[in-house]
Each structure stands twice: as C-alpha cells, then as structure tokens.
Amino acid sequence: MSVVETLPLTFDKSESIKLLESHGWTKADAICALEAIDFGANLDEITIRRAISPFAGSELTKRQRL
C-alpha cells in the first residue's frame, strides 16, 4: 500500500507558500510572489501558479543573482 499525498482543492497563503517551497522556492521569494494575491477568493493550484508566473521569470532570476 502506498501513501499518496493529496493537495487541497483550495489554497490559503500558508498552503501556497508550502507549495512553492516544495518546488524549490525560498520562503521569502514565495511570500513576495504571493503578496498581491487575494486569498479570499478560494484559489486553486492553477490560479496560484498563474498569479506567480510574472514573478517566476525575470524577477526571481534578478533576486537570486543578488
């Protein structure tokens, strides 16, 4: 019998940070990327990923170089 981790259907801010950390983001970068997101809207994983995508490009690369 294998253990399968299930992801929540909706994400609050702390769950979103954990999701990004599980993909190699630092906690500080995850917090910055999620800053402008309204978590009162019951966001799913796809919505979180779309919202952080602008930060994941050049902004994240710039922060990592610093």
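Refer to the structure presented above.
Treat the numbers as computed from the prediction; the structure is a model and nothing was measured.

Scoring rules and cut-offs
- Residues numbered from 1 in each chain as written.
- Predicted model: local features only at pLDDT ≥ 70, side-chain atom pairs only at ≥ 80, totals over all residues.
- Heavy atoms only, no water.
- Core = buried A, V, L, I, M, F, W, Y, C linked by side-chain atoms within 4.5 Å.
- Buried < 20%, exposed > 50% of the residue type's maximum accessible area, 1.4 Å probe, protein only.
- Helix = DSSP H or I, 4+ residues; strand = E, 2+ residues; numbered from the N terminus.
- Contact = heavy atoms within 4.5 Å.

Peer 1: Looking at this structure, how should I read the nonpolar core?
Peer 2: A general trend in soluble globular proteins is that nonpolar side chains are found buried together. Counting 15 residues, the largest nonpolar core has Leu20, Trp25, Leu34, Ile37, Phe39, Ile48 and Ile52 as its most contacted members. Listed by contribution, the elements that provide at least two residues to this core are helix H1 (13–22), helix H2 (27–34) and helix H3 (45–65). With 4 residues, H3 is the single largest residue contributor to this core. Residues contacting tryptophan 25, with those up to four places away along its chain left out, are Leu20, Ala30, Ala33, Ile52, Phe55, Ala56 and Leu60.

Peer 1: Whenever I open this one, the environment of phenylalanine 11 confuses me. Can you help?
Peer 2: For phenylalanine 11, the position within the fold is in the segment before H1. For the pair phenylalanine 11 and asparagine 42, spaced 31 residues apart in sequence, the C-alpha to C-alpha distance is 6.7 Å. If sequence neighbours within four positions are ignored, phenylalanine 11 has contacts with Ser16, Leu19, Phe39, Leu43, Asp44, Glu45 and Ile48.

All we've got here are geometric facts, nothing functional implied.
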